[in-house]
Amino acid sequence: QVQLVESGGGLVQAGGSLRLACTDSRGIILSVNTITWYRQTPGKQRELVAHITPSGRANYADFAKGRFTISRDNAKNMVYLQMDSLKPEDTAVYYCNTDFGKTTGSWGQGTQVTVSS
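Because the structure is predicted, anything quoted here is derived from the model rather than measured.

Caption draft 1: Representation of the sheet that holds strand 5 (residues 47-52). Ordered in space as 2-10-9-4-5-6, the 6 strands form an open sheet in which the pairing is mixed. Of all the strands in the sheet, just strand 2 (10-13) and strand 6 (58-60) have a single pairing partner and so form its edges. Between one strand and the next, the sheet's axes are offset by a mean angle of 25°, whatever the strand orientation. Two strands pair when backbone bridges link them, and strand 5 and strand 6 are joined in this way by 3 bridges, in the antiparallel orientation. Looking across to strand 6, one finds that A50 is bridged to Y60.

Caption draft 2: Region of interest: the sheet that holds strand 3 (residues 18-24). In spatial order, the strands read 1-3-8-7; together these 4 strands make up an open sheet with antiparallel pairing. Each edge of the open sheet carries a strand with a single partner, namely strand 1 (4-7) and strand 7 (68-73). Across the sheet, the mean angle separating the axes of adjacent strands is 20° when strand polarity is ignored. Sheet topology places strand 7 next to strand 8 (residues 78-83); 6 bridges connect them, and they run antiparallel. When the sheet's bridge partners are listed, T69 is paired in strand 8 with Q82.

Caption draft 3: Representation of the pattern of salt bridges within the structure. Scanning the model with the defined rule gives 4 salt bridges in all. Among the ionic pairs, R39 bridges to E47, the shortest N-O distance being 2.7 Å. Taking the shortest distance from any N to any O, the salt bridge between D90 and R67 comes out at 2.7 Å. Placement of the pair is D90 in the loop between strand 8 and strand 9 (92-97) and R67 in the loop between strand 6 and strand 7, with a sequence separation of 23 residues. Note on accessibility: D90 and R67 belong to one class, buried. Several salt bridges share partner residues, and in doing so they unite R39, E47, R67 and D90 into one network.

The rules behind each value
- Residues numbered from 1 in each chain as written.
- Predicted model: local features only at pLDDT ≥ 70, side-chain atom pairs only at ≥ 80, totals over all residues.
- Heavy atoms only, no water.
- Pairing = 2+ DSSP bridges.
- Helix = DSSP H or I, 4+ residues; strand = E, 2+ residues; numbered from the N terminus.
- Axes fitted to C-alpha atoms, helices over the stretch in contact; angles between N-to-C directions.
- Salt bridge = Lys/Arg side-chain N within 4 Å of Asp/Glu carboxyl O.
- Buried < 20%, exposed > 50% of the residue type's maximum accessible area, 1.4 Å probe, protein only.

Any link to function would need more than the numbers given here.
Here's what the structure looks like:
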């Protein structure tokens, strides 16, 4: 089963930026799927951050609007999440997934984002 792989997390001070990247293990599914970024903190449900369609149309959760930008490079089989003006409450494990992966419960390892105050 194809699994998505997240990278780019790290420790950053409040107000800083990070760019997360998402790719798939076989290089075959990203370009034809809507890809969604989610995040999860301990004890809370996973929440949607942003998603992007194969044609590049993007939608964002309210907390992400104006600070986060989702983009894709189909030639490189990559989806990115540029996160600016980070806040401590953005601290979470970030995941990317397709609708099918979410439905079947197939998740990658995620990438940890920690924002210090």
